[in-house]
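Observations on chain architecture
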Amino acid sequence: MDIRLTISLLASDRRESLERCLDSLKPLLARIPAELIVVFTGRDEKVREIAEKYTPQVITSEWCGDFSAARNAGLRQAQGEWFLYIDDDEWFDSVDEICEFFISGEYRQYRSAHYIQRNYQNWNGTKFSDFSVFRMVQRSPETRFQGAIHEELTPHMKPCKFFQTCVHHYGYVKDEENVQKTFRNIHLLLQAIQEHPDQIKNYIQLAKEYDLAGNLKLAEEYCRKGAAISRKADDPYSAGWLQAYFSRLASEKSSQESSVLEIKAILEQEQPMELTRLILFQQLVCLYAKSGEPEKAVESGQEFETLLMEMDEKEVLWEQQSYGEFCEDYVKSPERLYGTRASCSVCALKTGDKAAAAYFLKRLPWEEEDILCRYYSELEKWKEEYPSVCTDIFLEILSDMIKDFDLSDVSGIPEYSGVPAPVYLLFQKALDDFRNGKTEEGLNLFIYCIFHTDDSNMQQMLLKEAIRHQISVIPFVKQMDLNTWNCLVRNVVKELPFVFNERIRVCEEETENRFPLHGLCLKRERLGQKLLKGFPLWEEFLGNLTEYCLCIGEFYKGLYRDEWMGEEMNVFLPADYRFACRMLKALEELKRARLPEAVRLAGEAFHIYPDMTGIITELFRQAARRSDATVQRAGEEFLQLAGQMKGTLRTLTDTGQTAQAMEILDQLLPLMPEDQELIWIRQDLIRRMKS
C-alpha cells in the first residue's frame, strides 16, 4: 500500500507534552495510510520509550543547534506522498479535516497546506493568537528545510490548502523555561540574519522573540528593518505583517504621541494593504482615546468602518491579504472589533456628537449578551454622564431592532428574526417607562428581563432597580441557587446608598416568608450596611451588631446539622460564622464590663474576619468614650488588638491600597493619638494620595 502521508515529529526532552502530541496523531495514523517518524534530539531515555509506543521509526539526531538539520533527518526517511511536521509541545484538537482531505481525494488538487498554530500567552488558555503555519507539502526531490531557527519548508508550492484545523501551543507562555528558550532563539536568529540578511522570515521571528523577552525597542527595530527589506523584495504580505505588528508594539509605548506619528507615517507613506490599514486604524482609535483626543478617535473609527465595509464587499481580499495571525478573525475578534466601537462611542459622546455616538453604538452586538455583557459597566457609566443622550440612543436602537413588536405584550418579545431579544435595551425601556409613569408596562418588561438573563452584571443592575422601585424580588429568588443569590445581594447592597436601607428591609420581609435563607441573606447585608453607613450610636450600634451576628448564626444553622455547629467543629465552619460567634461572646463581656476579655475576644474575631475591622474599631471607640477609658487603661489585650490592626495597616500600605489604609487609620489614630508609627504612616499616606 502506498503511504499517503508522513508525519515527522521532533522530540527533545519534553516528556510532559509529548504523549499528548502523539495521542492527537492517532486518528491520522488509523484512518489514512500514514507513517510516523520521531526524530529524537534529546537525552531522556523515557522520551524515547514513550515515542516507541507509537511508532517503530524513532531515529536519533544529535542536536547541533540547527533545527533544519534535525528536520531534514526526518525528511530523508520519509516515504509518504505528502509530508507533515509538528513539534513535541503541540497537539491537535481534531484531525478530521486533514483526514477528510486525504480520504476524499481532495489532496490531489493541491501541492501544499497550512494549518493553524494557536499560540497561548497564559497557562489558563484565555489569551492566545492564531498563526497560519506552512506545515504540509507534497513531497518532491527538492523538498527540504532551511533556516537554523524557526525553520521552514521549501519550496512553497501552489495551489495551497488552508485548513482551519489547529494545534495548541504553549511555547510562548512566559515562564522560566520559555524565557530561556527565547534567549536561545534570539541568539540563533541573529546568527541567521548575519548569514542571510535578506531572509524576511528571520526578522519577523526576531521581532516576536524580542517582544516576548520584553525588549520592545529591539522588537520595533527589527520590524522596521524587515519591512524595509520586504518593500525592496516586493513582498507586501511580509511587509503587512511587520507593519501591523509594529503598530501593536508602538501602541504599548508610554509616548502615545510618538506612537500616533509613527502609525500615521506608515498609513501615509508606505501605502499598506487594506487589511493592514484596518489594524492600524484600530490602533489609532485606541491611542487617540487614551491621549484625550476624542475627535480624532471618532475620525479614525469612521475610516475603519468605511474600509471594513469595503473589505466585506470584496471578501476575496480577506483571504488574499491574510498573513500569520493578522487576518479577518483578528480584526473581527470581539475584543478588538467591539472594543474599537465602544471607544469610538464614548469619544463621540464626549464631543457631543450624538449622531456619531449612535452610529457606533448601533454596531455593538446587542443580540449577543455573552459578548455585550463585557461592556455593561461602561454603558452604565456613559448613561450616568450623558443620561438623556444615551437613553435616547438606546431606545432608538431598540425601536429599530424590534419595531414590529408591541412592547406592552411581553409574550411577543422572546425572539425576533430568530435571535434573542436585547435584554439590556429592554431594561432601559423599562426604566424609561417607570420615569414616565407607565408603571405596568415597565414592570412587565422588567420581569421579562429578570427571567431572560443569566449575566451577573445584568442581574445586579436589575436587583438594584428592583430595590429602588420596590419591585418584588421573588422572581430573582425563584431562579437562583442560594450561593448565587448571596453573592448578588452582597454586591448590590454594597453599592446602594444608605437611604435605601428601609427599602431593602421591605424586600427582605417579602422574601423571608417564602424563602427564609434568601431573606436572611438580605437581612445580613442590610444590617451590615446599617453598621457601616448608618452611623448608629451606642445602644443602637450594640443592638444592630448583636442582630447582625445572630442573623449570620441563624443562616448557617439553616444550612448545617446541629452537631456540626459545636465548638470542636468551629474551625471547619465559614469565617463569617466564626466571627459572629466570637463577637457575640465579646458583646456579652462588654455588658458585664469586662473590657480586657471583650478586647481579647474581639481580637480573635478581627483575626478571623478582617473585613469587619471598621466595625470592631467603632465598637471600642464608642466603648472607650462611654467609660472614659484610655488606651493605656484598656489593658494589654487592647494593645495586642491594636497591633494586629497596625499589621493590617502596614500590609495595605505596602500593597498600595491607600484608600483602605486611610479608612483604618482614621479609626485607629483617635484611639492611639500618641502612637509615633501611626503618625508616620498618616503622613506617608497623605503624601501618596496627593501624588
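Residues numbered from 1 in each chain as written. Predicted model: local features only at pLDDT ≥ 70, side-chain atom pairs only at ≥ 80, totals over all residues. Heavy atoms only, no water.

1. With respect to the packing of aromatic side chains
To be explicit about the condition: In this scheme Phe, Tyr and Trp rings, the latter by its six-membered ring, pair at centre separations within 6.5 Å, and the angle between planes marks the pair as stacked below 30 degrees, edge-to-face above 60, and tilted otherwise. To qualify as a helix, a DSSP run of H or I must reach at least 4 residues; to qualify as a strand, a run of E must reach at least 2; elements of each kind are numbered from the N terminus. Exposure categories follow from relative accessible area, calculated using a 1.4 Å probe and restricted to protein chains: below 20% of the type maximum is buried, above 50% is exposed, and the middle band is partly exposed.
One pass over the structure, following the stated rule, counts 30 aromatic pairs. Summarising the aromatic geometry, the rings of Trp82 and Phe101 are spaced 5.5 Å apart at their centres and angled 85 degrees between planes, so their arrangement reads as edge-to-face. Here Trp82, found in strand β4 (residues 82–87), pairs with Phe101, found in helix α4 (residues 96–103); they are 19 residues apart in sequence, far enough to count as distant. Across the pair, exposure class does not vary: Trp82 and Phe101 are buried alike. A ring pair is formed by Phe555 and Tyr556, whose centres lie 5.0 Å apart and whose planes are at 80 degrees; its orientation type is edge-to-face. We note that Phe555, like Tyr556, is buried. Within the aromatic cluster, the residues linked to one another by ring pairs are Trp82, Phe101, Phe102, Tyr107, Tyr110 and Phe163.

2. Some details on helix α23 (residues 482–495)
As a reminder of what qualifies: To estimate the expected span of a helix, subtract one from its residue number and multiply by 1.5 Å. The directions considered for the arc run from the helix axis to the C-beta atoms. Residue contacts are counted whenever heavy atoms from the two residues lie within 4.5 Å of one another. Definition of a polar contact: a pair of N or O atoms within 3.5 Å, with one able to donate and the other able to accept a hydrogen when the atoms are protein atoms, and with sequence-neighbouring residues admitted only if both atoms are side-chain atoms.
Its 14 residues place the ends of α23 20 Å apart at the C-alpha level, agreeing with the 20 Å of an ideal helix rising 1.5 Å per residue. Taken as a whole, α23 has its buried residues at Leu482, Trp485, Asn486, Leu488, Val489, Val492 and Val493. When α23 is viewed along its axis, its buried side chains cluster within an angular range of 170 degrees and face the same direction. Among the exposed residues of α23, those oriented more than 90 degrees off its buried face are Asn483 and Lys494. Contacts from the buried residues of α23 go to α21 (456–468), α22 (474–478), α24 (501–514), α25 (516–533) and α26 (538–557). If you check the start of α23, you find a side-chain oxygen 3.0 Å away from the backbone N of Asn483, and it comes from Asp481.

3. Section: the nonpolar core
The cut-off we apply is this: Definition used in this section: a nonpolar core is a set of buried Ala, Val, Leu, Ile, Met, Phe, Trp, Tyr and Cys residues joined via side-chain atoms within 4.5 Å.
Counting residues in each nonpolar core, the largest one holds 199 residues, and the members touching the most others are Trp366, Leu379, Trp485 and Met583. The element that contributes the greatest number of residues to this core is α26, accounting for 10 residues. Beyond its immediate stretch of four places on either side in the chain, Met583 contacts Leu545, Cys549, Ala602, Ala605, Ile616 and Leu619. Residues Ile37, Ala78, Leu153 and Leu188 belong to the second largest nonpolar core, which totals 16 residues.

4. A short note on the side chain of Arg336
With respect to the helices and strands, Arg336 occurs in helix α14 (residues 334–350). Within polar-contact distance, the side chain of Arg336 engages the side chain of Tyr330 at 3.2 Å. Ignoring sequence-local partners within four residues, the contact set of Arg336 consists of Ile279, Gln282, Gln283, Tyr330 and Val331.

5. Focus: the confidence of the model for the protein
Operational definition: Confidence scores labelled pLDDT are given residue by residue by the predictor and lie between 0 and 100.
When pLDDT is averaged along the protein, the result is 87; 93% of the residues meet or exceed 70. When the elements of the protein are averaged for pLDDT, strand β11 (residues 415–416) gives the smallest value, 42, and helix α15 (residues 354–361) the largest, 97. Note on residues 414–419: pLDDT is under 50 here. Beyond four places in sequence and across chains, it has 12 contacts. pLDDT under 50 marks residues 628–633. Its contacts with residues more than four places away, or in other chains, come to six contacts.

6. Focus on the pattern of salt bridges
Stated precisely, the cut-off is as follows: By definition, a salt bridge exists where a carboxyl oxygen of Asp or Glu is found within 4 Å of a side-chain nitrogen of Lys or Arg.
For the structure on display, the rule yields 44 salt bridges. Ionic pairing is found between Asp211 and Arg248, a salt bridge with its closest N-O pair at 2.4 Å. A residue pair is termed long-range when its members are at least 10 positions apart, and Asp211 in helix α6 (residues 200–212) and Arg248 in helix α8 (residues 236–250) qualify at 37 residues. We classify Asp211 as buried; its relative accessible area is 12%. Through salt bridges with shared partners, a single network forms among Arg582, Glu597, Arg600 and Glu604.

7. Some details on the state of the cysteines
Formally: Here, a disulfide means two cysteine sulfur atoms that sit within 2.5 Å of each other.
For the structure shown, the criterion picks out zero disulfides. The cysteine Cys327 is free of any disulfide, with Cys166 supplying the nearest cysteine sulfur at 13 Å.

8. Here's the deal with the sheet that holds β4
The cut-off we apply is this: Pairing between two strands is assigned when DSSP locates at least 2 bridges connecting them. Interaxial angles span 0 to 180 degrees and are taken between N-to-C directions of axes, which are lines fitted to C-alpha atoms, for helices over the stretch in contact.
Pairing in this open sheet of eight strands is mixed, and the strands run β3-β2-β1-β4-β7-β6-β10-β5 from one edge to the other. The sheet terminates laterally at β3 (58–60) and β5 (90–92), the two strands that pair on one side only. For this sheet, the mean inter-axis angle between neighbouring strands, taken without regard to orientation, is 30 degrees. Two strands pair when backbone bridges link them, and strand β2 (residues 34–40) and β3 are joined in this way by three bridges, in the parallel orientation. By the bridge assignment, Phe40 is partnered in β3 with Thr60.

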